[in-house]
Amino acid sequence: MKKVLSVVLCFALILCAASPALADGGCDCGFSPVIYVGPLGCSSIVRDAGTENEQQLWKIDTKFLLSNLGGVLPDLTKALLTRDADLLGDALVRFVNACFGDLALNSEGNSKANVTTPELNVPAGDRHGPDSDYYFDYDFRLDPFEHADRLHEFIEQVKALTGHNSVKLKCSSMGGVVLSAYLEKYGHDGIDVIICRCCPLKGTAVAGEAFCGKIELNSTSLTRYGEDAIPFLETGFADDFIEGTLYALLDTLKAAGVVDGLCALGDKLIKDAGDKVYREALIPVFGTLPGIWSFVPEEYFDDAVEFMNLPSEGGLHDKVFAYRNAMADIEENLAAARDDGVKICVICGYNVQRTPLVTLWKSTSDGTVDTKYASLGATCADVKEPLDDDYINAMRSRDYLSPDNMIDASTCALPENTWFVRDWLHCNGNAGIDELFNLVMTSDEVNISSFEKFPQFLEADDDADTVYPVTGAPDEAARFRNSPTFLNFIRFLFSVLKRITENSVFDILFK
Ligand SMILES: [Zn+2]
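No experiment lies behind these values; they were computed from the predicted model shown.

Q: Quick rundown of the overall build of the protein chain? Include the residues and the values.
A: Helix and strand counts for the protein chain come out as 19 helices and 13 strands. Since a compact globule built from 511 residues should have a radius of gyration of about 24 Å, the 24 Å found for the protein chain is in line with a globular shape. With respect to the three principal axes, the spread of C-alpha positions in the protein chain is 80 × 55 × 45 Å. Relative to its full complement of 511 residues, the protein chain shows a buried share of 49%. Residue pairs at least 24 apart in sequence account for 73% of intrachain contacts in the protein chain once pairs closer than 6 positions are excluded. Within the structure as shown, the protein chain displays about 23900 Å² of accessible surface, and the carbon and sulfur contribution to it stands at 55%. Between the centroid of the 43 positive side chains of the protein chain and the centroid of its 78 negative side chains there is a distance of 4 Å.

Q: Please provide a residue-by-residue account of the domain arrangement of the protein chain, values included.
A: Looking at the assigned domains, one finds that the protein chain contains domain 1 (2-42 + 118-200 + 331-471), domain 2 (55-113) and domain 3 (477-510). Spacing between the C-alpha centres of domain 1 and domain 2 amounts to 34 Å. Contacts between the two partners involve six residues from domain 1, matched on the other side by eight residues from domain 2. For the pair domain 1 and domain 2, the two sides together bury roughly 520 Å², of which 61% comes from carbon and sulfur. Considering only the surface of domain 1 that becomes buried against domain 2, G41, F140 and R141 emerge as the three largest contributors, covering 73% of it. Linking domain 1 with domain 2 are zero salt bridges, by the criterion used here. Summed over the shared surface of domain 1 and domain 2, the number is two residue pairs in polar contact (both at pLDDT 80 or more). Residue classes in the side of domain 1 that touches domain 2 are distributed as three nonpolar, one polar and two charged.

Q: Summarise the sheet that holds strand β11 (residues 418-422); cite the residues concerned and give the values.
A: Strand order in the open sheet formed by eight strands is β5-β1-β6-β7-β8-β11-β12-β13, with mixed pairing between adjacent strands. The open sheet has two edge strands with one neighbour each: β5 (133-136) and β13 (466-469). On average, adjacent strands in this sheet sit at an angle of 25° to one another, irrespective of strand direction. Where strand β6 (residues 167-172) lies against strand β7 (residues 191-197), six bridges are found, and the strand directions are parallel. Considered in β7, the bridge of K170 is made with I195. Packed on one face of the sheet, helix α6 (residues 175-186) meets β1 (34-37), β5, β6 and β7 and runs near 135° to β6.

Q: Requested: an account of unusual backbone geometry, with residues and values cited.
A: Positive phi outside glycine occurs at N351, with the angle close to 70°. Of note, N351 is situated in the loop between β8 (343-350) and α14 (371-374). Here N351 falls in the buried class, since its relative accessible area comes to 4%. Even without a glycine there, the phi angle at C427 is positive, about 60°. With respect to the helices, strands and loops of the structure, C427 is situated in the loop between β11 and α16 (431-442).

Q: Describe the packing of helix α12 (residues 298-307) against helix α13 (residues 315-339), and please don't skip the residues or the numbers.
A: Between α12 and α13, whose axes approach to 12 Å, the crossing angle comes to 170°. By the criterion of interaxial angle, the relationship of α12 to α13 is roughly antiparallel. Contact with α12, carried on its side by E298, F301 and V305, involves V320, F321, R324 and M327 of α13 and no other residues of that element. Residues that form the contact of α12 with α13 fall into these classes: five nonpolar, no polar and two charged.

Q: Before we move on, can you summarise the coordination of the zinc ion with the specific residues and values?
A: Those protein atoms acting as donors to the zinc ion are C27 (SG), C29 (SG), H128 (NE2) and H164 (NE2), and they sit at 2.0 to 2.2 Å. One can describe the site at the zinc ion as tetrahedral: its four donor atoms subtend angles covering 99 to 114° at the metal. The sequence motif formed by the donor residues of the zinc ion is C-x1-C-x98-H-x35-H. Of this pair, C27 sits in the loop between α2 (20-25) and β1 while H164 sits in the loop between α5 (144-162) and β6, and the two are 137 residues apart along the sequence. By relative accessible area, which is 28% here, C27 ends up partly exposed.

Q: Describe in detail the nonpolar core, supporting the description with residues and values.
A: Core analysis: the biggest nonpolar cluster contains 84 residues, and I35, V37, L169, I194 and W293 have the highest contact counts within it. The element that contributes the greatest number of residues to this core is helix α4 (residues 85-100), accounting for nine residues. Setting aside its immediate chain neighbours within four residues, L169 contacts I35, V37, I155, L179, I191, V193, I194 and I195. V34, V193, A378 and W424 belong to the second largest nonpolar core, which has 36 residues in total.

The rules behind the values
Residues numbered from 1 in each chain as written. Predicted model: local features only at pLDDT ≥ 70, side-chain atom pairs only at ≥ 80, totals over all residues. Heavy atoms only, no water. Helix = DSSP H or I, 4+ residues; strand = E, 2+ residues; numbered from the N terminus. Rg over C-alpha atoms; globule rule 2.2 N^0.38 Å. Buried < 20%, exposed > 50% of the residue type's maximum accessible area, 1.4 Å probe, protein only. Contact = heavy atoms within 4.5 Å. Areas by Shrake-Rupley, 256 points an atom, 1.4 Å probe, with all protein chains shown as cover. Lys, Arg positive; Asp, Glu negative; His and termini not counted. Charge placed at Lys NZ, Arg CZ, Asp CG, Glu CD. Domains from an automatic or database assignment. Buried area = accessible area lost by both parts, 1.4 Å probe. Salt bridge = Lys/Arg side-chain N within 4 Å of Asp/Glu carboxyl O. Polar contact = N/O pair within 3.5 Å; in protein donor to acceptor, adjacent residues only side chain to side chain. Nonpolar A, V, L, I, M, F, W, Y, C, P; charged D, E, K, R; others polar. Pairing = 2+ DSSP bridges. Axes fitted to C-alpha atoms, helices over the stretch in contact; angles between N-to-C directions. Parallel < 35°, antiparallel > 145°, perpendicular 65-115°, else oblique. Donors = N, O, S within 2.8 Å, 3.2 Å for Na, K, Ca; no water. Tetrahedral: all angles 85-135°; square planar, octahedral: opposite > 155°, others 65-115°. Core = buried A, V, L, I, M, F, W, Y, C linked by side-chain atoms within 4.5 Å.

Below, the structure is given as structure tokens:
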């Protein structure tokens, strides 16, 4: 039924597009429509849709996850208690395959026929404006160029519906992958604004390292990851008290060595069970998804091809390799768009601890995407650290240096169009950043000097749901003064304790 409807709708759109009234008149509102290109997981993936066996595989529902977990829980528990790596490996393989096995693509890079995305959006209605967008979603597993083809049709449909000759593309996270493929194949004609929000334009280290088998648990990164995530918890009641308590608990466990012990145990099990889990679950499932391959940064790619046993020919191979060109050309494609008058805003987070499972845990990020990859080449200090004095002293100009000395944006592909937000968790909603996007979409000139309230380096304040210009190094005392919550008090307290354990009393008092 949906198919019939969409065919009818397509014909209706073609007729509309061809009608002289629209071609002549169009819309004179002055604001071309916004297409929001969603992140990974923007659409659900379903097995046996429309039958009594229908099962949502992504976003996976809790009941399905728990029922599969139930099946392996006894073995998993036994394996952890007895530290039996073989049993652990078996249980994990069964679990991953039961939950995600049907997501795997075949050697041509196509989905199983009974695994589909039955509810993909088709543009409808002519409502457009700063508060209204058309949502483009897609099956994240597939070849990004398939999405680019669909986006091309989608853009034509939106133009026809609204009577505008151009659209704005606002891309979130993996939406940047779709954008990269689109610009590579179709160029930037008919696009007047491009926003990249936390996009892995050059990949993300977690995918690169995971696809090279570089998995490692690290207690410092695990603790910091928890610390950075806690302020964004929504527990429903007594948020502040629960967050503050969790923070204190986590840091106490770290100080007591408990986190280190757990990580060492986990690391040993990963080492012993890892081969089997990769061979029998991760490679046969995730290694077949061009969408996940699109996250692998250039410097990891050759090793990943070998480690993940990517076929040396066939459709899957070709799709994975075709996207490498889109990733390699993204700087050039965006610069060409800018030179033709397309307004561009690339915005990314920094100073958030990244996923604590990989060896590259010091890479500053928004928790998911590394700042250097999202910003197209910023020079970044390690997370929570400033750049070396030597580096800063050798800089010819400090025009693009962040006031906290953590980021040098002069090495970005588009330094005049790239913003950085300290402590901004990956794609977290923030009214201040939305205000910047509105300015980007409505102003004649868009660069880091265009908006007084939004210089190149901003700091996210999640409590106040806004951003402020960065003026100096992160300061837990100032954070507590500005927003005197229990959580911020605990953060301040532990920052002092950490300094005491790391420095002499003299340093604390006089530095
Ligand atoms: Zn209009």
